[in-house]
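Residue-level listing of the chains:
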Amino acid sequence: RNRLARDLHDTLAHTLAGLTVNLEAIKILLGDDHPQISARLNHALDNTRTGLTDTRRALKDLRVKQVEDLGLGLALENLAEKASNRGDLEILVVLPDELPELPIQLEQCYYRIAQESLENVRKHAQAKRVQLRLKHRENKLILEIEDDGVGFDTGEIADYQGLGIQGMKERALENHGILVLDSQSDRGTKVTLTTELTNV
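Treat the numbers as computed from the prediction; the structure is a model and nothing was measured. (Residues numbered from 1 in each chain as written. Predicted model: local features only at pLDDT ≥ 70, side-chain atom pairs only at ≥ 80, totals over all residues. Heavy atoms only, no water.)

(A) Fine view of the overall build of the protein. Looking only at helices and strands, the protein features six helices and five strands. Seen through its C-alpha atoms, the protein measures out along the principal axes to roughly 65 × 40 × 35 Å. Buried positions account for 36% of the 200 residues belonging to the protein. Here the analysis covers contacts within the protein between residues at least 6 apart in sequence; of these, 67% occur between residues at least 24 apart. Only carbon and sulfur atoms are counted for the fraction: they give 47% of the accessible area of the protein, which is about 12,200 Å². Charge centroids of the protein, computed over 26 positive and 33 negative side chains, lie 3 Å from each other. (Helix = DSSP H or I, 4+ residues; strand = E, 2+ residues; numbered from the N terminus. Buried < 20%, exposed > 50% of the residue type's maximum accessible area, 1.4 Å probe, protein only. Contact = heavy atoms within 4.5 Å. Areas by Shrake-Rupley, 256 points an atom, 1.4 Å probe, with all protein chains shown as cover. Lys, Arg positive; Asp, Glu negative; His and termini not counted. Charge placed at Lys NZ, Arg CZ, Asp CG, Glu CD.)

(B) Representation of the environment of Leu16 within the structure. Note on placement: Leu16 falls in helix H1 (residues 2–30). Its relative accessible area of 16% is what places Leu16 among the buried residues. The spacing of Leu16 and Thr195 is 179 residues in sequence and 38 Å in space, taken between C-alpha atoms. The contact partners of Leu16, leaving out residues within four places of it in the chain, are Thr48, Gly51, Leu52 and Thr55.

(C) Region of the structure containing the pairing of strand S3 (residues 140–147). Most of S3 sits inside the fold, with six of its eight residues counted as buried. Note: strand S2 (residues 129–137) against S3, eight bridges, orientation antiparallel. If you follow Leu132 over to S3, its bridge partner there is Ile145. With eight bridges joining them, S3 and strand S5 (residues 189–196) adopt antiparallel strand pairing. Paired with Glu144 across the strands is Thr192, a residue of S5. (Pairing = 2+ DSSP bridges.)

(D) Fine view of the pattern of salt bridges. With the rule as written, the count across this model stands at eleven salt bridges. One salt bridge connects Glu24 with Arg49, and the closest N-O pair in it is separated by 2.7 Å. Taken as a pair, Glu24 in helix H1 and Arg49 in helix H2 (residues 35–64) lie far apart in primary sequence, 25 residues in all. Residue Arg49 is classed as partly exposed on the basis of its relative accessible area, which comes to 36%. Residue Glu196 is joined to Lys140 by a salt bridge in which the shortest nitrogen-to-oxygen separation is 3.9 Å. Of this pair, Glu196 sits in strand S5 while Lys140 sits in strand S3; the two residues are 56 residues apart in sequence, bridging distant segments of the chain. Residue Glu196 is classed as partly exposed on the basis of its relative accessible area, which comes to 31%. Beyond isolated ion pairs, a larger network of salt bridges with shared partners links Arg133, Lys135, Glu144, Glu146 and Lys190. (Salt bridge = Lys/Arg side-chain N within 4 Å of Asp/Glu carboxyl O.)

Next comes the structure, spelled out in structure tokens:
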């Protein structure tokens, strides 16, 4: 599955991304003098973007299967290693010695939110160091991802739709968890996911 995901990323996803760029360039060169062609071009662009989004979602679904194969702890370590290599980040991973047996849906929730958070750090935070901590305390499972990046004003969260914050919160709620985002400009960002295991 991981090999298939890599192959699809290197072929189909790259092809669709390149096609999107070329179509956008043609649209700019065409201008407003050919409305019928522009309309067809916009339709082709919409379809290509949708195809790229669906492909990327399928790739994430393929990769997330490693949670089933490896378990949450090792999957998080692998995720952090890949994010570190891709983003030139120093990522410290702290895991409990033992984790309780968890529903696979909950493990995938934690993995996917960690994945989204680390991707946000890589793309937006301009961070050098990240700490990923997973804690099991009494009946709570707590994931903390904290970076030393530029941060942002959470009061203007509507301006950060590209971070996928709302989607992460919805995913947490679906699994009876609570996601908290703590950030300030020039003071980094901390994402915390907490689940009461008695509720799952």
